[in-house]
Structures are given as structure tokens and as C-alpha cells.
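Summary of structural features
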Amino acid sequence: SQQGEEDPQALSIQEGENATMNCSYKTSINNLQWYRQNSGRGLVHLILIRSNEREKHSGRLRVTLDTSKKSSSLLITASRAADTASYFCATVVDTGFQKLVFGTGTRLLVSP
Amino acid sequence: ETGVTQTPRHLVMGMTNKKSLKCEQHLGHNAMYWYKQSAKKPLELMFVYSLEERVENNSVPSRFSPECPNSSHLFLHLHTLQPEDSALYLCASSQMVGSNQPQHFGDGTRLSIL
């Protein structure tokens, strides 16, 4: 089944640096969503980008989508220690019912 | 506070026990979901309810039994579980079922099977 694959699996940076995470998927999509999960907590929706959009911004987040390459990237600018979390992309699979399929995530560690 | 509350946060049970996980959403949403999150695996969708009707059962073993008595509450009844069922069980809700709907998650129940 279709699945988002995040890259890298883990990323370690210093505060103030930018963090870029990538997601690749296999089939056509309506939209792609990014979520964040802090340790021991549930997932939090960050941003949704539609298939006819190429770029979207939300605060320090910038998401790009390249449907020809079936890939998306999430950029966090001027990272903070509080950005330490796992980040997941999710795509929609239509099996007669549209459901989100998540990747295995990128673990981001931002050191002070 | 995400508006989705799960209880208990942690649960340890033996393979012969029967227990239930509870989820409550205060967002006025019409769709609710159960997911299983195991280490180093993608999040697995288990069940989906829309307006209290089950619309998706993702080939989940019968030892997991969901119940949705109303649009605000969702339960997952557990019996005769196996060690491989140890995982974080996440509940989520959305305004309605559909691909353009962001999902709101609870903080999960960490389940350990002895």
C-alpha cells in the first residue's frame, strides 16, 4: 500500500539552524499532511498542502510539494529546542474510503 | 490540550485479562479513529467511525473490539491479547471522514502485555 517514507530517519542540529525533512510517496495524492509528535504525546497536525500547491508557509514552517517527483519537504527555520520531536508525513489512500497513511517519521533533536 | 482525551494513559495487563481503552473528544467532530503505534513501524489505522457507524476495519484481529456509543466517545475493548499487541494506542477525531480533514489526536494509551 502507499506509504510516506521520511528521510532522514534522525536529524541532530543546534538551535538556530534550519532543519529539512523529506517525504517520498508512491501514488497520486489529493493532499499531503505533516504532523509532529512529542515524546509520550499524540500527533499534532502542522500543515496540509494540496496537490495543486507547490509551497505553503506557516510561521517558521515551509512545506514544498513536487508531484512529478512524488516528494515533499518540511523546512523548520531558526529551530528551537522545543522543536525536538518526531515529524511524520501522511498521504491519502483511497480504498473506497479515504484514509491517511503515515510514514515512519524523522526524529529531530535540537540542542541548545 | 488537543480536545481528545484518552484513558488510561498506561495499562499493563496479562494475556487473559479483559480491559477497555476510552477516548472522548470535545471538538464536535463526527469521525473517530483508533491507531496502533509500534516502535519503528508506521502508524497503523485500526478502525474508523463516522457518525457512530464503523466505516473501516483494517483487518484487525477479533481480540480488539471497538465500540462507538455516540459521536463523542470511542472505546477499544481488549481480550486475550498477545505480547506483540504491546504498543501505543492512539485515538483521533476529525470534523468528518475525508482526505482534506486534519486529524486531532489524543496522547494515547501505552499498553504493555505481560
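This text follows the structure it describes.
Calculation notes
- Residues numbered from 1 in each chain as written.
- Chains lettered and ligands numbered in written order.
- Predicted model: local features only at pLDDT ≥ 70, side-chain atom pairs only at ≥ 80, totals over all residues.
- Heavy atoms only, no water.
- 1 Å grid on protein atoms, 1.4 Å probe; cavity = no way out; pocket = protein on both sides within 12 Å on 5 of 7 lines; lining within 4 Å.
- Points joined across faces, edges and corners; volume = space filled by probe spheres on them.
- Helix = DSSP H or I, 4+ residues; strand = E, 2+ residues; numbered from the N terminus.
- Nonpolar A, V, L, I, M, F, W, Y, C, P; charged D, E, K, R; others polar.
- Buried < 20%, exposed > 50% of the residue type's maximum accessible area, 1.4 Å probe, protein only.
- Polar contact = N/O pair within 3.5 Å; in protein donor to acceptor, adjacent residues only side chain to side chain.
- Contact = heavy atoms within 4.5 Å.
- Buried area = accessible area lost by both parts, 1.4 Å probe.
- Salt bridge = Lys/Arg side-chain N within 4 Å of Asp/Glu carboxyl O.
- Core = buried A, V, L, I, M, F, W, Y, C linked by side-chain atoms within 4.5 Å.
- Disulfide = S-S within 2.5 Å.

One water molecule sets the probe size; rolling that probe over the atoms shows where empty space is left. Here the largest pocket defines a volume of roughly 640 Å³. Lining the largest pocket are 24 residues, with A:S86, A:F88, A:T104, A:R107 and B:K40 sitting closest to its centre. Within the residue set of the lining of the largest pocket, elements represented by two or more residues are β9 (85-94) and β11 (106-111) of chain A. Take the lining of the largest pocket: its biggest share by element is four residues, from β11(A). Its residues placed into classes, the lining of the largest pocket shows seven nonpolar, 12 polar and five charged.

In this section: the side chain of B:Q103. Residue and element names in this part refer to chain B. Here Q103 shows up in the loop between β9 (87-94) and β10 (104-105). Relative accessible area serves as the criterion here: at 5%, Q103 is assigned to the buried category. A polar contact of 2.8 Å, which involves the side chain of Q103, links it to the side chain of Y35.

A few words now on the interface of chain B and chain A. Buried accessible area, meaning the area lost when the parts come together, often serves as the stated size of an interface. Counting residues at the interface gives 24 residues for chain B, matched by 23 residues for chain A. Where chain B abuts chain A, roughly 1,800 Å² becomes buried across the two surfaces, and 53% of that area is made up of carbon and sulfur atoms. Applying the counting rule to chain B against chain A returns one salt bridge. Ionic pairing is found between A:R41 and B:D107, a salt bridge with its closest N-O pair at 2.8 Å. Between the two partners, chain B and chain A, sit five residue pairs in polar contact (both at pLDDT 80 or more). Those elements that place two or more of their residues in the side of chain B that touches chain A are β4 (31-37), β5 (44-50), β6 (53-57) and β9 of chain B. Of the residues assigned to the side of chain B that touches chain A, the class counts are 11 nonpolar, eight polar and five charged.

Looking now at the nonpolar core. Residues and elements named next belong to chain B. In terms of nonpolar packing, the biggest core is built from 22 residues, with W34, F64, L76 and L78 touching the most fellow members. For this core, the elements supplying multiple residues, two or more each, are β2 (10-13), β3 (18-25), β4, β5, β7 (64-70), β8 (73-79), β9 and β11 (109-113). Excluding its chain neighbours within four sequence positions, the residues that come into contact with F64 are M46, F47, L76, H77, L78, L81, D85 and Y89.

This model, assessed by the stated rule, comprises two disulfides over all chains. One disulfide in the model links A:C23 with A:C89; its S-S distance is 2.0 Å. Here A:C23 and A:C89 share a disulfide; its torsion about the S-S bond, 65°, makes the bridge right-handed. Within this pair, whereas A:C23 is found in strand β3 (residues 19-24), its partner A:C89 is found in strand β9, the two being separated by 66 residues in sequence. A:C23 gets classed as buried once you look at its relative accessible area, which sits at 2%. B:C23 shares a disulfide with B:C91; S-S distance 1.9 Å. Taking the sign of the torsion about the S-S bond as the criterion, the disulfide between B:C23 and B:C91, at about -75°, is left-handed. Residue B:C23 is located in strand β3, and its partner B:C91 is located in strand β9; the two are separated by 68 residues in the primary sequence. Judged by its relative accessible area of 0%, B:C23 is buried. Residue classification places B:C91 among the buried residues on the basis of a relative accessible area of 0%. Here B:C68 is not disulfide-linked; the sulfur of B:C91 is the nearest cysteine sulfur, at 9.1 Å.

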